Amino acid sequence: MIKIAVPQMGNDLFRKYMKSKYVQSLKRAGAQTVWIELDDIDRAVKEALECDGLLLPGGADIDPALYGRKLTEKCGKPNRARDEAEPRLLEAFLKSGKPILGICRGIQIINVCFSGTLFQDIKESQRKKHSDFLKRAGNAHTVSIAEGTILRGIFETASEPVNSLHHQAIDKIGRELTVSAVSEDGFVEGIEYAKHPFCVAVQWHPEHMSKKSAQQRKLFSAFVAACKGEQNE
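Residues numbered from 1 in each chain as written. Predicted model: local features only at pLDDT ≥ 70, side-chain atom pairs only at ≥ 80, totals over all residues. Heavy atoms only, no water.

## Details of the environment of Arg-69
- Structurally, Arg-69 can be placed in the loop between β3 (53-56) and α3 (80-96).
- The partly exposed category is assigned to Arg-69, whose relative accessible area is 35%.
- Between the alpha carbons of Arg-69 and Lys-172 there is a distance of 12 Å; along the sequence they are 103 residues apart.
- What Arg-69 contacts, discounting residues up to four positions off in sequence, is Pro-64, Thr-117, Leu-118, Gln-120 and Asp-171.
- Reaching out from Arg-69, the side chain makes a polar contact with the side chain of Asp-171 at a distance of 3.4 Å. (Helix = DSSP H or I, 4+ residues; strand = E, 2+ residues; numbered from the N terminus. Buried < 20%, exposed > 50% of the residue type's maximum accessible area, 1.4 Å probe, protein only. Contact = heavy atoms within 4.5 Å. Polar contact = N/O pair within 3.5 Å; in protein donor to acceptor, adjacent residues only side chain to side chain.)

## Let's talk about the layout of surface pockets
- Considered as a void within the structure, the largest pocket measures approximately 330 Å³ in volume.
- Residue assignment for the lining of the largest pocket shows that the elements contributing at least two residues are α1 (13-28) and α4 (105-113).
- Here the lining of the largest pocket takes four residues from α1, the largest share from any one element.
- Estimates place the volume of the second largest pocket at around 170 Å³.
- Lining the second largest pocket, in full, are Tyr-17, Lys-21, Gln-24, Ser-25, Arg-28, Arg-136, Ala-137, Glu-207, His-208, Ser-210, Lys-211 and Lys-212. (1 Å grid on protein atoms, 1.4 Å probe; cavity = no way out; pocket = protein on both sides within 12 Å on 5 of 7 lines; lining within 4 Å. Points joined across faces, edges and corners; volume = space filled by probe spheres on them.)

## Examining unusual backbone geometry
- With a phi close to 55 degrees, Glu-156 is a non-glycine residue in the positive phi region.
- If you trace the backbone, Glu-156 turns up in the loop between α5 (150-155) and β7 (159-162).
- Glu-156 sits in the exposed class, given a relative accessible area of 60%.
- In this structure, Glu-176 is a non-glycine residue whose phi angle is positive, near 70 degrees.
- Within the element layout of this structure, Glu-176 appears in the loop between β8 (169-170) and β9 (177-183).

## Observations concerning the sheet that holds β3
- Spatially, nine strands are ordered β2-β1-β3-β4-β11-β10-β9-β6-β7 in an open sheet, and the strand pairing comes out mixed. The open sheet is flanked by β2 (31-36) and β7, the only strands paired with a single partner. With direction set aside, neighbouring strand axes in the sheet form an average angle of 25 degrees.
- Seen against the sheet, α3 touches β1 (2-7), β3, β4 (100-103), β10 (188-193) and β11 (199-202) and runs at an angle of roughly 150 degrees to β3. (Pairing = 2+ DSSP bridges. Axes fitted to C-alpha atoms, helices over the stretch in contact; angles between N-to-C directions.)

## Observations concerning the nonpolar core
- If you look at the biggest cluster of nonpolar residues, it comprises 31 residues, and the most contacted ones within it are Ile-4, Leu-55, Ile-103, Leu-151, Trp-204, Leu-219 and Phe-223.
- Elements that contribute at least two residues to this core include exactly β1, α1, β4, β6 (141-145), α5, β11 and α6 (214-227).
- Tallying contributions element by element places α6 first for this core, with seven residues.
- Ignoring anything within four residues of it in the chain, the contact list for Ile-4 reads Leu-26, Ala-31, Gln-32, Thr-33, Val-34, Cys-51, Gly-53, Leu-54, Leu-55, Phe-223 and Cys-227. (Core = buried A, V, L, I, M, F, W, Y, C linked by side-chain atoms within 4.5 Å.)

## Some points on the pairing of β2
- Of the strand pairs in this sheet, β1 and β2 are connected by six bridges, and their pairing is parallel. By the bridge assignment, Val-6 is partnered in β2 with Trp-35.
- Remark: the β1/α1/β2 crossover connection has right-handed handedness. (Right-handed = clockwise from strand over helix to strand, strands pointing away.)

This is how it looks when you write it as structure tokens:
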């Protein structure tokens, strides 16, 4: 079975619930989740590279120091272990050519690692509600998906309804990254790195939608297919 490395998110009750959604979504796509402990980064990289792909999941806000900004009161408490380990994991998988999927925080850490920046809070500028936990299995807004992108090939549609569980978003897009999806109110919702076979990231949480949404299952299926060396048609 295909094995997917996922950085450890924590083991409190809420994190266990959130983690279960990734496990279930990957299992539906035919893959096994391998949680990577982050206390020893060198060991974490080694263990992760034994897997077939890397999934960077949602979670705590990223330390603004990583993108050259000062932490404001609207930014949540960063997860130092993930902030230190995930750039190393991403770098290793970019060099290996193995597939990478980023979700929520995942899209943000990828953008930051490519010298992009983030809005520390979008609540005052958003026109759609972007932090709606009660609708995590449903639709909060739609995203427009750009032609010629991997994401467009996966969803086979120009727009797609998605959920929304974030209060931060991409500000300046990272170098060499392509914007693949945008929300109705103009926030970046998808990015790709064209120089890598499969480096795709989204701002929404497909793992909460995949049980009922065949469209959202396509994202996990395409990721796992890429891990098998198959091309998305």
